[in-house]
Amino acid sequence: MKTREEDNQTSPMEFLLLGMGNTPTLQIPLFLLSLIIYSVIVIGNILIVVLVVSEQHLHTPMYTFLGTLSFLETWYSSTILPQLLASFLTGDRTISAHSCMAQFYFFSSFVATECYLLEAMSYDRYLAICQPLLYASLMTWKICLQLVAVSWLVGMLVSATVTAFLSQINFCGRKTIDHFFCDFTPLLELSCSDTSVVTLVSFIMSFLSILFPFLFTLVSYVCITAAILRISSNIGRQKTFSTCSSHLTVVTIFYVTLLIAYLLPRTAPLRQLNKVFSFFYTILMPLVNPFIYILRNKEVSEALRK
C-alpha cells in the first residue's frame, strides 16, 4: 500500500476518519451512547450463544445457525465500535493505513460470512417447511456444520481477495475518509491510481458474497410463502410462519439497509444519508438481532426464562 503525504493532520501511513462530524460538545455523550450500544450488543449476542450451547432442546441445526450468527455479530461490531469509542474519548480520529486495511478485511469478511449464514438459515427453513419429510436426512449435523464452515471460509477468502487488490493502489491527497470506519468506496475515493481492476474484482466478489446469497434467500422465501399459503387452517399458517418470522425480519432489515448503503450514490448531499444506512447494518443490526430472536421466538424466550 502506497500513500503520499499532502496533509499536516496525518502521517504518510495514516488516514483521518471524519466519522459523524466534529462537534466537541457531543464527544462525551456519543462515547457513552456508543459504550452502552456496544455493551448491549456483546451481552445480548453472547447470551444467545450461551442459551444455544446450554439448553439441550436448542441443539438443532436452526439454533446452531443462530448461535453462530450471534457469535459472528459480536466480532462484527468489535471491528468498528472500539475504534469509534477511542476516537470519541481521546479526540484522535486518525487510523494507521495497516489498521485501516485490517479493519476493512475483518469487517468485509464478517459481512460476507453473515450473508452466507443467513442464506444457510433460509435453506434450513425451506427444508423444514417445504420438505418436512426429508428434513432429517437433508439437514444432518454434518451438513449443518459444513454450511457453517463454508460460510466462514468463503467470507474470509472473498474479503482477502478484495483487500489484497485494495492494498496495492496508491492513496494521495488529504487521506481523509468521509466515514466512521474504513469501507471500500470511501477508500477508493482517495486513490490517485487506476482503480478499474480493484473495482471489477470488488464487483465480482460482491455478487458472489452479497447478491447471490440474497437471491438464494429471496427464492427460498418465495417457496416458503407459497407453501404456507397452501395450508388450509389459519392456525396452521400462523404456527408455520412463526418458525421463520424472526429470521425473515432480520434478513429484511439487514439486506434493505445493506443494499441501500452500497447502491446509494455517494454524492455530497447523500453522504450523510449513506452513513446513516451504514450505521443501521453495522451497529444497529447486531444490537436488535438478539431482541428480535428473544421476543419473536418462543423457544429462545422460554430458554431465557429458565
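Residues numbered from 1 in each chain as written. Predicted model: local features only at pLDDT ≥ 70, side-chain atom pairs only at ≥ 80, totals over all residues. Heavy atoms only, no water.

A. Here's a closer look at the sheet that holds strand 5 (residues 176-177). Strand order in the open sheet made by the 3 strands is 3-2-5, with mixed pairing throughout. With one partner strand each, in any of the chains shown, strand 3 (94-96) and strand 5 form the two edges of the open sheet. As paired strands, strand 2 (residues 14-17) and strand 5 are joined by 2 bridges and run parallel to one another. Bridge pairing links L16 to T176 in strand 5. Taken strand by strand, helix 4 (residues 97-130) contacts strand 2, strand 3 and strand 5, and its axis lies near 85° from that of strand 3. (Pairing = 2+ DSSP bridges. Helix = DSSP H or I, 4+ residues; strand = E, 2+ residues; numbered from the N terminus. Contact = heavy atoms within 4.5 Å. Axes fitted to C-alpha atoms, helices over the stretch in contact; angles between N-to-C directions.)

B. Region of the structure containing a nonpolar patch on the surface. Where nonpolar side chains cluster on the molecular surface, the patch consists of L200, F203, I204, F207, L208, L211, F212, L215, F216, L218 and V222 and spans about 980 Å² of accessible area. One can find V222 in helix 8 (residues 196-229). Given the relative accessible area of 52%, V222 is considered exposed. (Patch = residues over 30% accessible without salt bridge, like charges linked within 9 Å, V, L, I, M, F, W, Y side chains within 5 Å. Areas by Shrake-Rupley, 256 points an atom, 1.4 Å probe, with all protein chains shown as cover. Salt bridge = Lys/Arg side-chain N within 4 Å of Asp/Glu carboxyl O. Buried < 20%, exposed > 50% of the residue type's maximum accessible area, 1.4 Å probe, protein only.)

C. Seen up close, the pairing of strand 2. Bridging between strand 2 and strand 3 involves 3 bridges; their strand directions are antiparallel. The residue bridging E14 from the neighbouring strand is S96, located in strand 3.

D. The state of the cysteines, seen in detail. If you walk through the whole model with that rule in mind, you get 1 disulfide. Lacking any disulfide linkage, C130 is separated from the closest cysteine sulfur, that of C223, by 5.8 Å. The cysteine C244 is free of any disulfide, with C130 supplying the nearest cysteine sulfur at 9.3 Å. (Disulfide = S-S within 2.5 Å.)

E. Main features of the nonpolar core. Residues F65, V111, L118, F254, Y255, L258 and Y281 are the most contacted members of the largest nonpolar core, which totals 53 residues. Mapped onto this core, the elements with two or more residues apiece are helix 1 (27-54), helix 2 (61-78), helix 3 (81-90), helix 4, helix 6 (141-166), helix 10 (245-263), helix 11 (271-296) and helix 12 (298-305). The biggest single contributor to this core is helix 4, with 9 residues. Sequence-distant contacts of Y255, that is, excluding residues within four places in its chain, are made with C115, L118, I210, P213 and F214. Among the nonpolar cores identified, the runner-up in size contains 21 residues, and F15, A97, M101 and F104 belong to it. (Core = buried A, V, L, I, M, F, W, Y, C linked by side-chain atoms within 4.5 Å.)

F. Spatial organisation of helix 3. Turning to helix 3, its buried residues number three or more, namely L81, L84, L85, S87 and F88. In a view along the axis of helix 3, the buried residues occupy a sector of 165°, so they form one face of it. Exposed residues pointing more than 90 degrees away from the buried face of helix 3 are listed as L89 and T90. In this structure, the buried residues of helix 3 make contact with helix 1, helix 2 and helix 11. A positive backbone phi angle near 80° is found at G91, which sits one or two residues after helix 3. (Arc of directions from axis to C-beta.)

G. How the structure looks around the pattern of salt bridges. Inspection of the entire model under this criterion finds 2 salt bridges. A salt bridge links D124 to R125; the shortest N-O distance between them is 2.8 Å. The exposure classification of D124 matches that of R125, with both residues buried. Here K275 and D178 are joined by a salt bridge, their closest N and O atoms 2.8 Å apart. Note that K275 is positioned in helix 11 and D178 in the loop between strand 5 and helix 7 (184-188), a separation of 97 residues in sequence. The exposure classification of K275 matches that of D178, with both residues buried.

H. View of the packing of helix 4 against helix 6. Packing of helix 4 against helix 6 brings their axes to within 8 Å, and their N-to-C directions diverge by 145°. Helix-helix and strand crossings are classified by hand; for helix 4 and helix 6 the assignment is right-handed. Across from M101, F104, Y105, S108, S109, F110, A112, T113, Y116, L117, A120 and Y123 in helix 4, the residues of helix 6 making contact are L147, V148, S151, W152, V154, G155, M156, S159, A160, V162, T163 and L166. Per-class residue counts for the contact of helix 4 with helix 6 are 17 nonpolar, 7 polar and no charged. (Left-handed = near helix turned anticlockwise from the far one by under 90°. Nonpolar A, V, L, I, M, F, W, Y, C, P; charged D, E, K, R; others polar.)

I. View of the side chain of S220. Position of S220 relative to the elements: it lies in helix 8. Once you skip the residues sitting within four places of it in the chain, S220 turns out to touch S122, Y123 and Y126.

J. How the structure looks around the packing of helix 2 against helix 11. The N-to-C vectors of helix 2 and helix 11 enclose an angle of 150°; their axes lie 10 Å apart at closest approach. In the packing of helix 2 onto helix 11, the handedness of the crossing is left-handed. Across from L66, L69, E73, Y76 and S77 in helix 2, the residues of helix 11 making contact are Y281, T282, M285, P286, N289 and Y293. For the contact of helix 2 with helix 11, the residue count by class is 7 nonpolar, 3 polar and 1 charged.

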